[in-house]
Amino acid sequence: MKRAGFSCAVLTAAALMTLGSAATAFAGEWVAEGTEWRYLENNGTYAADSWETDNGVSYYIGSDGYMLRNTLIEDNENYYYVRSSGAMLVNEWRFLENPEWQGDEWVGEGSWYYFGANGRAVRTTGDKVRIEEIGGKRYAFDQYGRMMTGWISESGEYVTEDNWEEGLYYADPAGNGDLITSNWLLLSVPDADNEEDDYPSYYFYFSSNAKKAMDTERTIGGKDYLFDSRGVTQYGWHQDDDEAQSWRYFGTIEDPYMRTGWFEAIPDENLDSDDYNDGNSRWYYSGSNGRIVTSEFKTIDGKTYAFNSTGERITGLKVITLDGENSKTITGVSSVDYLDDIPQGEDATTNVFYFNSDGTVKTGNVTIDIDGTNYDFSFRSSGSPRGAGVMGIDDNKIYDHGRCLTAEEDTKYQVVSWDGNRYLVNESGAIQKNRKNLKDADGYYYCTNKDGTLLHGPLDDRCEEKH
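Residues numbered from 1 in each chain as written. Predicted model: local features only at pLDDT ≥ 70, side-chain atom pairs only at ≥ 80, totals over all residues. Heavy atoms only, no water.

Enquirer: Is there a simple way to think about the overall build of the chain in this case?
Expert: Across its full length, the chain carries 2 helices and 36 strands. Over its C-alpha atoms the chain spans a radius of gyration of 43 Å, topping by over 25% the 23 Å that the globule rule assigns to 467 residues. The 467 residues of the chain split such that 45% are buried. Relative to all contacts within the chain whose residues are 6 or more apart in sequence, the contacts with residues 24 or more apart total 42%. Total accessible area on the chain stands at roughly 24,600 Å², and carbon and sulfur atoms take up 39% of it. Here the chain carries 41 positive and 81 negative side-chain charges, and the mean point of each set is 10 Å from the other. (Helix = DSSP H or I, 4+ residues; strand = E, 2+ residues; numbered from the N terminus. Rg over C-alpha atoms; globule rule 2.2 N^0.38 Å. Buried < 20%, exposed > 50% of the residue type's maximum accessible area, 1.4 Å probe, protein only. Contact = heavy atoms within 4.5 Å. Areas by Shrake-Rupley, 256 points an atom, 1.4 Å probe, with all protein chains shown as cover. Lys, Arg positive; Asp, Glu negative; His and termini not counted. Charge placed at Lys NZ, Arg CZ, Asp CG, Glu CD.)

The structure is reproduced here in structure tokens:
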């Protein structure tokens, strides 16, 4: 669409010939006075304040009886424009200086007008702004037919930058003036409530009807977005209700869409104040609804992970208490930093697990450093819960919450207690079965029966009994 400002050209020779040749077709006749034209009615009076038609083209006679040219005309609460030839403009744009009779702050400035097939300027006439599709694009027009730009209210009022929240539509002043439709807009706006920036840049989305999305959730381009009551696209953490599992993460201000699957983020202050204050990022997992997994064991792509009450992916050696009715629900998590942190005795709901650095639960055998000392552990490869520390005798070794009970280093053999019995084990944890006069590093002797339980020892001298 090409738009150009008007110029005050004189009536052309072609226009003069057109009017002259058509005079006989009228009830009255056109009369030329120099370069000006008047219309003589059949009753002998000159027309004034009226439209006259010549060969299907309309012309306007002013109050002084002369045909108007290059003029924006108000007639019966409608607005028209006549060319330099005096002909009514139809189906065209015009950039015009706003006349004084409009009586507002835009007087004297230039605006774009669009005049339709009936010659009338498209304009707002009711309680809602007039939106017109022209050339495949949508435009907004005020009560005088001026094309509007910037923020525009639903009623057709210009919205100042300070009151941008009240704007429902937006037309880029630096562009062609068409409304943003089915598209995003990144715009810097004043916001005193933003603690980080008093003039932040926010993303807005305008639907196919050119209205901005507000107070809603919307899927756009296969991604889910959240909009507040002002139309600002939300980012960061959002809690739907007071439940921990209702937290969702909408990314950064530059990329504000709802995260699903795995994502890494610094937690919200109300989710984990310590990590928030320290700026520590954590790994989270959310389902298709965006809500993070909390207090649960979850199998993802064939691998098992666990998440604490704040949704953090668990790593390292942990004591985990499970719900007695649901083996996947976690009711408590604590770290094993010292050997004494491992619980004593067997409890069906409390187990020790080891999670690799990527959060996957460890099964089988592994050596773990606890407070500077290495210990051998074994974790279940089957059964429920999978990955829990082995309890009891397995493969000729005794395990307490996964830790192999062994003789201390450089002792050779040592007596350990399990399930009310005393067993003799070596430094690797192997139970010494049906042995007689095993001598430890201190010179004491031990005898065991066929299951490795202690018969004698520690003895200062060799056992001479027959057994």
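Further notes follow.
Enquirer: Explain empty space enclosed by the protein here, please?
Expert: Counting across every chain of the model gives 1 cavity of 30 Å³ or more. Volume-wise, the largest cavity comes out at about 40 Å³. Lining the largest cavity, in full, are S201, Y202, Y203, V232, T233, Y235, I253 and P256. Grouping the amino acids of the lining of the largest cavity by side-chain chemistry returns 6 nonpolar, 2 polar and no charged. (1 Å grid on protein atoms, 1.4 Å probe; cavity = no way out; pocket = protein on both sides within 12 Å on 5 of 7 lines; lining within 4 Å. Points joined across faces, edges and corners; volume = space filled by probe spheres on them. Nonpolar A, V, L, I, M, F, W, Y, C, P; charged D, E, K, R; others polar.)

Enquirer: How should the packing of aromatic side chains be read in this particular structure?
Expert: One pair of aromatic rings is described through two measures. These are the centre distance and the angle between the planes. What the rule picks out here adds up to 39 aromatic pairs. A ring pair is formed by W93 and W112, whose centres lie 6.4 Å apart and whose planes are at 85 degrees; its orientation type is edge-to-face. In this pair, W93 sits in strand 7 (residues 92-97) while W112 sits in strand 8 (residues 110-115), placing the two residues 19 residues apart along the sequence. Each ring, one from W237 and one from Y284, has its centre 5.1 Å from the other, and the planes form 70 degrees; the classification is edge-to-face. Pair noted here: W237 is in strand 18 (residues 237-239) and Y284 is in strand 21 (residues 282-286), with a separation of 47 residues, a long-range link. Judged by relative accessible area, which is 1%, Y284 ranks as buried. Here R38 stacks its cationic end above the ring of Y46, 3.9 Å away from the centre of that ring. Over the face of the ring belonging to W262 we find R313, whose NZ or CZ atom lies 5.3 Å from the ring centre. (Phe/Tyr/Trp six-rings, centres within 6.5 Å; stacked < 30°, edge-to-face > 60°. Lys NZ or Arg CZ within 6 Å of the ring centre and 35° of its normal.)

Enquirer: Quick question: what am I supposed to make of a positive patch on the surface here?
Expert: A surface patch of positive charge is lined by K412, K436, K439 and R462. Counting through the fold element by element, K436 comes out in the loop between strand 33 (421-426) and strand 34 (438-439). On the basis of relative accessibility, which here comes to 38%, the residue K436 falls in the partly exposed class. (Patch = residues over 30% accessible without salt bridge, like charges linked within 9 Å, V, L, I, M, F, W, Y side chains within 5 Å. Salt bridge = Lys/Arg side-chain N within 4 Å of Asp/Glu carboxyl O.)

Enquirer: Sorry, what's going on with the pattern of salt bridges here?
Expert: If the charged atoms of two oppositely charged side chains come close together, the side chains can form a pair. Scanning the entire structure with this criterion turns up 15 salt bridges. In this structure, R130 and E132 form a salt bridge, with 2.9 Å as the shortest nitrogen-oxygen distance. According to the relative accessible area criterion, E132 is partly exposed, its value standing at 23%. One continuous salt-bridge network, built from bridges that share partners, spans E217, D240, D241, R248 and R291.

Enquirer: Is there a simple way to explain the side chain of S378 in this structure?
Expert: Positionally, S378 belongs in strand 28 (residues 373-379). Its relative accessible area of 6% is what places S378 among the buried residues. Setting aside chain neighbours within four positions, we find S378 in contact with G364, N365, A388, G389, V390, Y399 and G402.

Enquirer: Looking at this structure, I do not really get the nonpolar core. What am I missing?
Expert: A general tendency of soluble globular proteins is for nonpolar side chains to be buried together. Ranked by size, the top nonpolar core spans 12 residues in total: W151, V159, W164, Y170, I180, L185, L187, V189, Y202, F204, F206 and V232. Elements with a minimum of two residues in this core: strand 14 (183-188) and strand 15 (201-206). At 3 residues, strand 15 tops the list of elements feeding residues into this core. Among all residues touching V159, those that are not within four sequence positions of it are W151, I152, S153, W164, E166 and G167. Within the second largest apolar cluster, 11 residues are counted, among which are L317, I342, V352 and V366. (Core = buried A, V, L, I, M, F, W, Y, C linked by side-chain atoms within 4.5 Å.)

Enquirer: Would you mind going over the sheet that holds strand 36 (residues 454-459) with me for this structure?
Expert: Here 3 strands make up an open sheet; going across it, the order is 34-35-36 and the pairing antiparallel. Only two strands of the sheet have a single partner each, and these edge strands are strand 34 and strand 36. Two strands pair when backbone bridges link them, and strand 35 (residues 445-448) and strand 36 are joined in this way by 3 bridges, in the antiparallel orientation. Among the inter-strand pairings, T448 is bridged to a residue of strand 36, identified as L454. (Pairing = 2+ DSSP bridges.)

Enquirer: Before we go on, may I ask you to explain unusual backbone geometry in this structure?
Expert: Glycine aside, a negative phi is what most residues show, and trans is what most peptide bonds show. Geometrically, the link from G457 to P458 is a cis peptide bond, its omega value of 0 degrees lying close to zero. By the secondary structure assignment, P458 is in strand 36. One non-glycine residue, N91, lies in the positive phi region at around 55 degrees. Structurally, the position occupied by N91 is in the loop between strand 6 (78-82) and strand 7.

On their own, these measurements won't tell you what the molecule is for.
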